[in-house]
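What follows is the residue order along each chain.
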Amino acid sequence: MRKMIVLLVVAALGVWRLWPLPEAVIPPGQALPAAQAPATLRFALLKTGAATTLEAMVVAGGSLFRPTAIGHVAVLVEHPAGRFLFDSGLGTAIDTQFGTEMAFWAKPIFAYRQVRPAVQQLRDAGVAAPDRIFLSHAHWDHASALGDFPQAEVWVPDAERDTALHGRPPAFLPSQFSSPTLRWHPFRFDGPAVAGFPASLDLFGDGSVVLLPLPGHTAGSTGLLLSLADGRRYFFVGDTVWNHRGIDQPAPKFSISSLIVDADRDATWQAVLALRGLRDANPGLQIIPAHDSSVHDTLGYFPEYVMAAAR
Ligand SMILES: [Zn+2]
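Here we summarise the structure given alongside this text. (Residues numbered from 1 in each chain as written. Predicted model: local features only at pLDDT ≥ 70, side-chain atom pairs only at ≥ 80, totals over all residues. Heavy atoms only, no water.)

## Some points on the overall build of the protein chain
Part 1 of the argument: Of the regular secondary structure elements, the protein chain holds eleven helices and twelve strands.
Part 2 of the argument: The C-alpha radius of gyration computed for the protein chain amounts to 18 Å, which stays within 12% of the reference 19 Å derived for 311 residues, consistent with globular compactness.
Part 3 of the argument: Taking the principal axes of the C-alpha coordinates as reference, the protein chain spans close to 50 × 45 × 35 Å.
Part 4 of the argument: Residue burial in the protein chain is summarised as follows: out of 311 residues, 58% are buried.
Part 5 of the argument: Of the contacts made within the protein chain by residues no fewer than 6 positions apart, 70% connect residues no fewer than 24 positions apart.
Part 6 of the argument: As displayed, the protein chain has an accessible area near 13000 Å², and 58% of this comes from carbon and sulfur atoms.
Part 7 of the argument: Distance between charge centres in the protein chain, computed from 24 positive and 27 negative side chains, equals 5 Å. (Helix = DSSP H or I, 4+ residues; strand = E, 2+ residues; numbered from the N terminus. Rg over C-alpha atoms; globule rule 2.2 N^0.38 Å. Buried < 20%, exposed > 50% of the residue type's maximum accessible area, 1.4 Å probe, protein only. Contact = heavy atoms within 4.5 Å. Areas by Shrake-Rupley, 256 points an atom, 1.4 Å probe, with all protein chains shown as cover. Lys, Arg positive; Asp, Glu negative; His and termini not counted. Charge placed at Lys NZ, Arg CZ, Asp CG, Glu CD.)

## Digging into the sheet that holds strand β12 (residues 306-307)
Part 1 of the argument: Read across the sheet, seven strands follow the order β6-β5-β4-β3-β2-β1-β12 without closing on themselves; strand pairing throughout is mixed. The two strands at the open ends of the sheet, each matched to only one other strand, are β6 (183-187) and β12.
Part 2 of the argument: Both strand β4 (residues 132-134) and strand β5 (residues 153-157) contribute to a ladder of three bridges, which runs parallel. Among the inter-strand pairings, Phe134 is bridged to a residue of β5, identified as Trp155. (Pairing = 2+ DSSP bridges.)

## Comments concerning the pairing of β6
Part 1 of the argument: Pairing analysis gives five bridges linking β5 to β6, with the strands arranged parallel. Counterpart to Val154 in the pairing with β6 is Trp184.
Part 2 of the argument: In terms of handedness, the path from β5 via helix α7 (residues 158-166) over to β6 forms a crossover that is right-handed. (Right-handed = clockwise from strand over helix to strand, strands pointing away.)

## A closer look at the coordination of the zinc ion
Part 1 of the argument: For the zinc ion, the full set of protein donor atoms is Asp141 (OD), His142 (NE2), Asp239 (OD) and His291 (NE2), and the range of their distances to it is 2.1 to 2.2 Å.
Part 2 of the argument: Given four donor atoms and angles of 81 to 159° at the metal, the environment of the zinc ion is assigned as irregular.
Part 3 of the argument: In the primary structure, the donors to the zinc ion are separated according to the pattern D-H-x96-D-x51-H. A residue pair is termed long-range when its members are at least 10 positions apart, and His142 in helix α6 (residues 140-143) and His291 in the loop between β11 (286-288) and α11 (293-299) qualify at 149 residues. His291 carries the same exposure label as His142, and that label is buried. (Donors = N, O, S within 2.8 Å, 3.2 Å for Na, K, Ca; no water. Tetrahedral: all angles 85-135°; square planar, octahedral: opposite > 155°, others 65-115°.)

Okay, here's the thing in structure tokens:
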């Protein structure tokens, strides 16, 4: 109840238009290059936690009365040449992390429930833990489970590691990065420009799993473009948008939420517009925000996988 009152008050303040909506000039997108995806490439969403908020809290112009389901997912990607997680979700230590470090005023806004850490889901299913974790960015709800995978290298751009190590609540929880066993592997986007993105990192050299820079929400925010052998393509865009309506309209996050979480609000908005342009130029490309359960639900959850249709 207390949470709903806080959400309503904050959302009402925003709806009073403390900030006008920015102009939406969608840049023309470019066609994505073809990928040579192996037939066995597949991915699964591990839902590690959930929350419910109001649409007005996640997207500018959203309804004050429409509830929106939030998911905290880790994405397990299995390519014949390697397996990894994209984001780690809420981990086994989340209650301690959140309870001791989260700013008191932010707790009602970021409250979560139904925690099922990725490491536990994998163990229950008899699936080996991956040895690499990529982060869309290092905010608390994406990095919480790093300590659950001590054998894994944590791959982020240099800028994101530096930001994480100096980060403060409510966006970052320092204890998530304090373990001496944390194995950072900073990387550079040293591959060619792709469809308007200035650089890329093709993980397996076949174009099926490509990391692309999406700076704005954080300095080192990273998107993951997955292409299946049957031609279906998925772009995991982290928290560039929280809800598919951000791309559809397009619209930025709700202004007060954006002030709290977006490191560079203008760059985040430009990234949203670029994503919309990219989708317009690539019909069928599915853009997947990190927290939009209405999108995640359509893909199903681990132990179900999304994989190419048999030919
Ligand atoms: Zn997030």
